[in-house]
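# Breakdown of the fold
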Amino acid sequence: MFFVDTLEFEGLGNRSYLAGGPSAAVVIDPPRDIDQIITAAARRGVRIAFVAETHVHNDYVTGGLELARVTGAQYLVPAEAHVSFTRAPVADGDTVTVDEGLVLRAIATPGHTPHHTSYALTEDGRDVAAFTGGSLLLGTVGRPDPVEPRLTEKLARAQHASAHRLADELDDELDDEVPVLPTHGFGSFCSSSQAEGDATTIGKERATNDALTLDVDTFVAQMLAGLDDVPAYYTHMGPANAAGPLPVDLTPPRRADAEEIASRLAAGEWVVDLRSRMAFAEGHVAGSFNFEGEGKLATYLAWLIPWGKPVTLLADTPEQIAAVQRELARVGIDRPAAAATGDPASWVRAGEELASFPRARFAGLADVRGRGDDVVVLDVRRDSERADGYIDGSVHIPLHELHGSLDEVPDGVVWVHCAGGMRAAIAASLLDAAGRDVVAVDDGFDAAAEAGLTVVRH
């Protein structure tokens, strides 16, 4: 009897899979921190015989090469992917026997990347799972543009064809219930649109996925019109994966005292406070930035930070530092320069005080506007979010552009908002570090109209 274990990485919106039989297994699209994969295999009592990549990833650093080295597994990588290391190249139709009666079959599905390959798992001749990577996702498909802008439309058309290829490959009455198990699509920016739900089958996708229900021209036009910016750090992920990532080092970073924190800030390095946005607003090291340890910390920190800039982490506990260090290693931020935990008052030198700024809800913004106060309303949501409605008179600078565009924020007290509060907190910390008077709006955007603010909708 086969099994499939799912490993979720919520911060990046991705999943990896361990699948196999009684004695051996294959790992699909492993994360860089391979220890949890090894633990999952040990829990199952199986040997990792194969490690398979659906593509050279653009949104995270893979652990595939290291996992194969440590376990002695064969490393399956699409044959057309240009990589600098020895691997077992796989082409369309190639098969490997994972365990007795259990076969993995490669299916060429270009679109997310030119070389993208999906894998069907077959038990005793019947397809029982489809690992679709960045091809067919839950209700959508992977983006066609993380590789090269000049290929985007061509790859979008390839995505449509690949979705139909998968539907045809898994096409009989029994196979309608075959689970579709993608790597992306659970909040990942590698998805062309955000997926809904947690699980799907090829039958459900055949009935509902735009790639399988729309003609190719309509599908491509809609997809290209809906693409937002990709995170800037994607530029570095593909080359790192093609070169062969080094093993990850998760040993604790050196401890920083108040003098070192001040020195690193003075040198222009990034000091990142991982505490909750409420705690940060109440008191923080002046000049530090707030990226909450929960949520999409790795995505937004890697997106905003100048690549290669040293980062020092501040947190309540060493456990928080360890968790974030692991998350950052997945996107190529390998070693924090230093870290500090405990009482924030110990992070500043004697005689210095913690900085702070106020938080509010949209009702508070409506009150100050109603009094006639001249304030700046800064919207840091993405273009697609703003297109659905925005506060009249607000300034729009998406969060990922803000650090390089602070001089474009008009003078005055800045009330900064996003869709829910997390990104507004990051933006508020960037503005506060630049010396601006800021209020962080910690509220859902639906509350803006409810508070009486004019929301413009087209």
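The numbers attached to residues start from 1 for each chain and follow its sequence in the written order. Thresholds applied to this predicted model are a pLDDT of at least 70 for local features of residues and 80 or more for the giving and counting of side-chain atom pairs; totals over whole chains, interfaces and linings are not thresholded and use all residues. Water and hydrogen atoms were dropped before computing side-chain values, which therefore reflect all heavy atoms in the structure.

## Things to note about a negative patch on the surface
The grouping of Asp229, Asp383, Glu401, Asp407 and Glu408 at the surface amounts to a negative patch. Each helix is a run of DSSP H or I of at least 4 residues and each strand a run of E of at least 2, with the numbering of both proceeding from the N terminus. Considering the arrangement of structural elements, one finds aspartate 229 in the loop between α6 (216-225) and α7 (234-243). Two distance rules govern patches: like charges are joined within 9 Å, and nonpolar side chains (Val, Leu, Ile, Met, Phe, Trp, Tyr) within 5 Å, applied only to residues with over 30% relative accessible area and no salt bridge. All accessible areas in this document rest on Shrake-Rupley with a 1.4 Å probe, and a residue is counted as covered only by the protein chains that are shown. Just to be clear on terms, a salt bridge is a Lys or Arg side-chain nitrogen sitting within 4 Å of an Asp or Glu carboxyl oxygen. Under the counting rule used here, the positive set is Lys and Arg, the negative set is Asp and Glu, and His together with the chain ends is not counted. All charge positions are set by atom: Lys at NZ, Arg at CZ, Asp at CG, Glu at CD.

## Quick notes on the sheet that holds strand β15 (residues 338-341)
In a beta sheet, neighbouring strands pair by backbone hydrogen bonds and run either parallel or antiparallel. Taken together, four strands build an open sheet; the order of strands is β13-β12-β14-β15 and the sheet is parallel. The two strands at the open ends of the sheet, each matched to only one other strand, are β13 (289-290) and β15. In this description, strands pair whenever DSSP reports at least two bridges between them. As defined by bridge partners, strand β12 (residues 270-273) adjoins β13 across two bridges and the pair is classed as parallel. Counted as the bridge partner of valine 272 is phenylalanine 289 from β13.

## Structural notes on the side chain of asparagine 14
Within the secondary structure, asparagine 14 is located in strand β2 (residues 14-20). Working definition: with a 1.4 Å probe on protein chains only, accessible area under 20% of the residue-type maximum means buried, over 50% means exposed, and in between means partly exposed. Given a relative accessible area of 4%, asparagine 14 falls into the buried group. There is a polar contact of 2.8 Å between the side chain of asparagine 14 and the side chain of histidine 184. Under this definition, polar contacts are N or O atom pairs within 3.5 Å; protein pairs additionally need one hydrogen-donor-capable and one acceptor-capable atom, and for neighbouring residues in sequence, both atoms have to be side-chain atoms.

## Focus: the pairing of strand β8 (residues 102-108)
Along β8, five of the seven residues are buried, which leaves the element largely enclosed by surrounding structure. Taken together, the four bridges between strand β7 (residues 95-99) and β8 define a ladder with antiparallel strand orientation. Note on β8: the bridge partner recorded for threonine 97 is valine 103. Remark: two residues form the turn of the hairpin made by β7 and β8, two consecutive strands paired antiparallel; glycine 101 in that turn has positive phi of roughly 80°. Judged from the seven bridges that link them, β8 and strand β9 (residues 117-123) form a sheet pairing that is antiparallel.

## A closer look at the nonpolar core
Trp270, Phe291, Leu313, Leu378 and Val416 are the most contacted members of the largest nonpolar core, which totals 50 residues. For this core, the leading source of residues is helix α10 (residues 297-304), giving seven residues. Only buried residues count toward a nonpolar core, which is a set of Ala, Val, Leu, Ile, Met, Phe, Trp, Tyr and Cys residues joined through side-chain atoms within 4.5 Å.

## With respect to the environment of tyrosine 17
With respect to the helices and strands, the residue tyrosine 17 is situated in strand β2. As a C-alpha pair, tyrosine 17 and threonine 183 span 166 residues in sequence and 8.4 Å in three-dimensional space. Two residues qualify as a contact provided that any one of their heavy atoms is within 4.5 Å of a heavy atom in the partner residue. Those residues within four positions of tyrosine 17 in sequence are excluded, and the remaining contacts are Val4, Asp5, Thr6, Val26, Val27, Ile28, Phe131, Leu181, Pro182 and Thr183. Within the structure, the side chain of tyrosine 17 is placed 2.5 Å from the backbone oxygen of proline 182, a separation counted as a polar contact.

## Some remarks on the side chain of threonine 152
Tracing the sequence through the fold places threonine 152 in helix α3 (residues 152-169). A distance of 3.1 Å separates a polar side-chain atom of threonine 152 from the backbone oxygen of proline 149. Setting aside residues no more than four positions away along its own chain, threonine 152 makes contact with Pro144, Asp145, Leu224 and Leu227.

## Regarding the packing of α10 against helix α11 (residues 318-329)
Contact pair α10 / α11: the axes reach a minimum separation of 9 Å and the direction vectors enclose 60°. One element, α10, and the other, α11, form an angle in the oblique class. The handedness of the crossing between α10 and α11 is right-handed. Counting all contacts with α10, which are made through Leu297, Ala298 and Leu301, the residues of α11 involved are Val324, Glu327 and Leu328. Note on geometry: axes are C-alpha line fits, over the in-contact stretch for helices, and angles between N-to-C directions span 0 to 180 degrees. Note on angle classes: values under 35 degrees are labelled roughly parallel, values over 145 roughly antiparallel, values of 65 to 115 roughly perpendicular, and the remainder oblique. Helix crossings are classified by the rotation of the near helix relative to the far one: an anticlockwise turn of less than a right angle makes the crossing left-handed, while a clockwise turn makes it right-handed.

## A word on the pairing of strand β20 (residues 413-417)
Of all five residues making up β20, four are buried, and the element is well covered by its neighbours. When strand β17 (residues 375-379) meets β20, the two strands line up parallel, connected through five bridges. Across the sheet, the residue bridging to valine 377 is tryptophan 415, located in β20. Note: β20 against strand β21 (residues 438-441), three bridges, orientation parallel. By the bridge assignment for β21, valine 416 is matched with alanine 440. Throughout, right-handed denotes a crossover for which the path from the first strand over the helix to the second runs clockwise when the strands point away from the viewer. Regarding the hand of the β-α-β motif, the stretch spanning β20, helix α15 (residues 422-433) and β21 is right-handed.

## A look at helix α1 (residues 35-44)
Where α1 is concerned, the buried positions are Ile37, Ala40 and Ala41. The buried residues of α1 occupy an angular sector of 95° when projected down its axis, which confines them to one face. In α1, those exposed residues whose orientation departs by more than 90 degrees from the buried face are Ala42 and Arg43. Turning to α1, the residues buried within the fold contact β1 (3-9), β2, β3 (24-28), β4 (47-52) and α2 (64-71). Following α1 by one or two positions, glycine 45 adopts a phi angle in the positive range, close to 70°. Starting at the helix axis, one direction is taken to each C-beta atom, and the arc is that of these directions.

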